[in-house]
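# Observations on chain architecture
Here is what each chain is made of, one letter per residue.
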Amino acid sequence: PCMIALLGVPWDGGATFERGAAAGPAAIRRRLWSAAGNGNAESGRDVLSVLVDCGDAEFPPDEAAALAAIQVAAEQAAEHGPVLALGGDHSVSLPLLRAAAARHGALHVLHVDAHPDLYPELDGRRYSNASPFARAFEEGLLASLTQLGIRADSPPQQAMARRWNVVQHGPDAIAGFDPGVLQAPLYVSIDIDGFDPAFAPGVSHPEAGGLLPREVLSV
């Protein structure tokens, strides 16, 4: 079976509001290997048996150096198989996209989120969690971007979406979304605030009216 490289990215230096997402990888691992459950998915497949845990990316506190180190860690993890990265705030998407595009070429991205993360800059910052996909387009990493669950947009991001022909579907449209339109190489990015706050109340930027976990799993 294909092995999947599990990589923790405990970075929240790109957060534009509350911090704490850096604790995400450790918390997810505690649940993955908790004695409270087992590793079998609904299909019956033992998911944990195909995971190769590559540990956490290590990086200095400097933002530029941290993003570069995350890219290197992702490139190294990819030697074991497709990378499943655990964040961290959403600014980590940029170095992960850089690593994936270096291996596979320009990527088609499916992005689940409450926010487009397409700000040209926010509060003078170009590499925060509000801008990873704007930078990715500018660097030629993306062939297309399809976003699901968007419900907290803004004029600067709308302008960027038009510029780059981004396809956006709000929560009401997800039932009619056909995953068959997605092309390879495909990169999937899920921001936990894409889910409704009823399921993920601890996020930094909660937005009402979000997606159900089952809707995202179905896609």
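Analysis parameters
- Residues numbered from 1 in each chain as written.
- Predicted model: local features only at pLDDT ≥ 70, side-chain atom pairs only at ≥ 80, totals over all residues.
- Heavy atoms only, no water.
- Helix = DSSP H or I, 4+ residues; strand = E, 2+ residues; numbered from the N terminus.
- Rg over C-alpha atoms; globule rule 2.2 N^0.38 Å.
- Buried < 20%, exposed > 50% of the residue type's maximum accessible area, 1.4 Å probe, protein only.
- Contact = heavy atoms within 4.5 Å.
- Core = buried A, V, L, I, M, F, W, Y, C linked by side-chain atoms within 4.5 Å.
- Pairing = 2+ DSSP bridges.
- Axes fitted to C-alpha atoms, helices over the stretch in contact; angles between N-to-C directions.
- Arc of directions from axis to C-beta.

Across its full length, the chain holds six helices and seven strands. Taken from N to C terminus, the helices and strands of the chain fall in the order β-α-β-α-β-α-β-α-β-α-β-β-α. Relative to the compact-globule value of 17 Å for 219 residues, the chain shows a C-alpha radius of gyration of 17 Å, a close match. In terms of overall dimensions, the chain has a C-alpha envelope of 45 × 40 × 35 Å along the principal axes. When each of the 219 residues of the chain is scored for burial, the buried share is 42%. The contacts of the chain with a sequence gap of at least 6 include a subset with a gap of at least 24, amounting to 71%.

Among the nonpolar cores identified, the biggest contains 32 residues, and L97, V109, L118 and L142 are the most heavily contacted of them. Within the residue set of this core, elements represented by two or more residues are β1 (4-9), α2 (63-77), α3 (93-104), β4 (107-112), α4 (132-138), β5 (142-148) and α5 (155-163). Formed by eight residues, the second largest nonpolar core is a distinct cluster that contains L110, L148, L211 and V216.

Bringing the sheet that holds β1 into the picture now. Within the open sheet, the three strands sit side by side as β2-β1-β3. Their pairing is parallel. Strand pairing shows two members of the sheet lacking a second neighbour, β2 (51-56) and β3 (83-87), which therefore form its edges. Neighbour-to-neighbour, the strand axes of this sheet turn through a mean angle of 20°, independent of strand direction. Two elements, β1 and β3, share five bridges in a ladder whose sense is parallel. Across the sheet, the residue bridging to V9 is G87, located in β3. Of the strands in this sheet, β1, β2 and β3 touch α2, which is tilted by about 165° from β1.

Now for unusual backbone geometry. Going from G87 to G88, the amide bond is cis rather than trans, its omega being 10°. Structurally, G88 is set in the loop between β3 and α3. At the junction of A184 and P185, the peptide bond is cis and its omega measures out at -5° in the coordinates. Mapped onto the secondary structure, P185 falls in the loop between β6 (167-169) and β7 (186-190). One non-glycine residue with positive phi stands out, namely D123, at about 55°. A residue is classified by how much of its surface remains accessible, and D123, at 72% relative accessible area, is exposed. For N165, which is not a glycine, the phi torsion comes out positive at approximately 55°. Along the polypeptide, N165 turns up in the loop between α5 and β6.

Another point: α5. For the α-helix, the turn length of 3.6 residues means that residues three or four positions removed from each other point alike. For α5, every residue scored as buried is listed here: Q157, M160 and A161. Seen end-on, α5 carries its buried residues on one side only, within an arc spanning 105°. Exposed side chains of α5 directed beyond 90 degrees from the buried face belong to P155, R162 and R163. Looking at the buried positions of α5, the neighbouring elements they touch are α4 and β6. Remark: N165 follows α5 within two positions and exhibits a positive phi of approximately 55°.

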